[in-house]
Every structure is written in C-alpha cells, then in structure tokens.
Amino acid sequence: MKTSLVSSVTFLSKLGIVDKPVFGLIVNVTLGAVTMAWMTNKQIYVMERNIRHYDIRDPLQALQFVSILPRLARHGLDLRGLLEKQLAIIDVNELQSKPWSKLPQRQEDKSIRKFTHSLTCPYADLFSLTHLSQNLFALSHIIHLAYLIFFECEIQ
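Everything in this summary refers to the structure shown in the same document.

Rules of the game
Residues numbered from 1 in each chain as written. Predicted model: local features only at pLDDT ≥ 70, side-chain atom pairs only at ≥ 80, totals over all residues. Heavy atoms only, no water. Phe/Tyr/Trp six-rings, centres within 6.5 Å; stacked < 30°, edge-to-face > 60°. Buried < 20%, exposed > 50% of the residue type's maximum accessible area, 1.4 Å probe, protein only. Salt bridge = Lys/Arg side-chain N within 4 Å of Asp/Glu carboxyl O. Helix = DSSP H or I, 4+ residues; strand = E, 2+ residues; numbered from the N terminus. Contact = heavy atoms within 4.5 Å. Core = buried A, V, L, I, M, F, W, Y, C linked by side-chain atoms within 4.5 Å. Expected span 1.5 Å × (residues − 1). Arc of directions from axis to C-beta.

**Looking at the packing of aromatic side chains**
A ring pair, where both rings are aromatic, is described by two values, the distance of the centres and the angle of the planes. Scanning the model with the defined rule gives two aromatic pairs in all. Measuring from ring centre to ring centre gives 5.6 Å for Trp38 and Tyr45, while their planes differ by 25°; the resulting arrangement is stacked. Residue Trp38 is classed as partly exposed on the basis of its relative accessible area, which comes to 25%.

Laid out in structure tokens, this is it:
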C-alpha cells in the first residue's frame, strides 16, 4: 500500500498538485485501516503508523468505518476536479517519463541489437543484452575452447 500511495502522490506532484492527501485502504479479512500520504516541500509523508484499525465484526466499529467513506468519496471528487483542471492547463506530452509498455521496450531492444551488431567483434551477437540468456550455453563453450587453447599453447 505504501508504494501505491507514494506513486500516487508523486504522479500528482508532477502535475503540480501538492499538499493534497491521497488515501489508501488496508484490509485483512475483517480488519481495515485507512492510510494517507501527501507531499509538502518536495518531501513525501506517509501516515501508516498508529492509525485507527476497524474490526467490521463489531457493529460500532463497522459504523465508524462506514462513516468515513462518504468523506473520502467527497475528497476523491475534489481531487478529481483539481486533476482535470491541471490536465487542461498542462501539455501532457511535455512531461518526460520512461515509457513502460511492451512496444517501447521492444524498440529499445532493437536499438541495442543494432548497436551490438555494429561492433567490430565477430562475437557481437553473443554479447547482445537481449540474447544473453539464450546464448549462455554457446558462450560457455567459447570460454571452454579458449581455456583449452590457452593451456595447449602453454604445454607446447
């Protein structure tokens, strides 16, 4: 949950939304707890210790827990409105981030392959990062042959 909260706060800060809390819900069977994170002065704060736990088997605690949810929903709507306002102002294409989808990773692999093929080494394909796992067996044979050649030269 902590990773999700920090990621959400970081994402919002890149869009210029700071000093606004993000809430998370931790649930374990019948126990639940509400956590919170926010960013102030480029520092992320996570509130996850000494928080109120709710056991929904107890009717009073279940009522207390349910009474929090409408406030969280209102806060979520306010945050959504603020986010939509910021997205209208900011050009999303100007935000620099590393694309994590499969297509950019494949394009990066192709550029690495082109680089390794441009090397003058005759075994450049063996050292390609994308094919290293496939070629470990061949690489071990080359090392073994080099070892044998080295010791044959030593013996003669």
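**Considering the pattern of salt bridges**
Counted according to the given criterion, the structure contains three salt bridges. Lys2 is the salt-bridge partner of Glu48, the closest N and O atoms lying 3.6 Å from each other. One end of the pair, Glu48, is in the loop between strand 3 (43-47) and strand 4 (53-55); the other, Lys2, is in helix 1 (residues 2-14), and 46 residues separate them in sequence. The salt bridge partner of Arg57 is Asp55, with a shortest N-O separation of 2.9 Å.

**Remarks on the side chain of Ser13**
Mapped onto the elements, Ser13 comes out in helix 1. With a relative accessible area of 18%, Ser13 lands in the buried category. In contact with Ser13, other than residues within four places in its own chain, are Val18 and Met39.

**Observations concerning the nonpolar core**
The biggest cluster of nonpolar side chains holds eight residues, and these are Leu5, Val9, Leu12, Ile17, Val22, Ala37, Met39 and Leu79. Elements that contribute at least two residues to this core include exactly helix 1 and strand 2 (31-40). Tallying contributions element by element places helix 1 first for this core, with three residues. If sequence neighbours within four positions are ignored, Leu79 has contacts with Leu12, Ile17, Lys20 and Pro21.

**Some remarks on unusual backbone geometry**
The backbone phi angle of Asp19 is positive, close to 60°, even though this residue is not glycine. By the element assignment, Asp19 lies in the loop between helix 1 and strand 1 (22-28). Note on Asp19: relative accessible area 48%, which makes it partly exposed.

**Some points on helix 1**
Think of an α-helix as turning once every 3.6 residues; residues three or four places apart then point the same way. Taking 1.5 Å of rise per residue, 13 residues should cover 18 Å, and helix 1 covers 18 Å from first to last C-alpha, within 8% of that figure. Taken together, the buried positions of helix 1 are Leu5, Val9, Leu12 and Ser13. Seen from one end, helix 1 has its buried residues packed into an arc of 100°, which puts them on one side. Exposed side chains of helix 1 directed beyond 90 degrees from the buried face belong to Thr3 and Lys14.

By themselves, these figures tell us nothing about what the structure is for.
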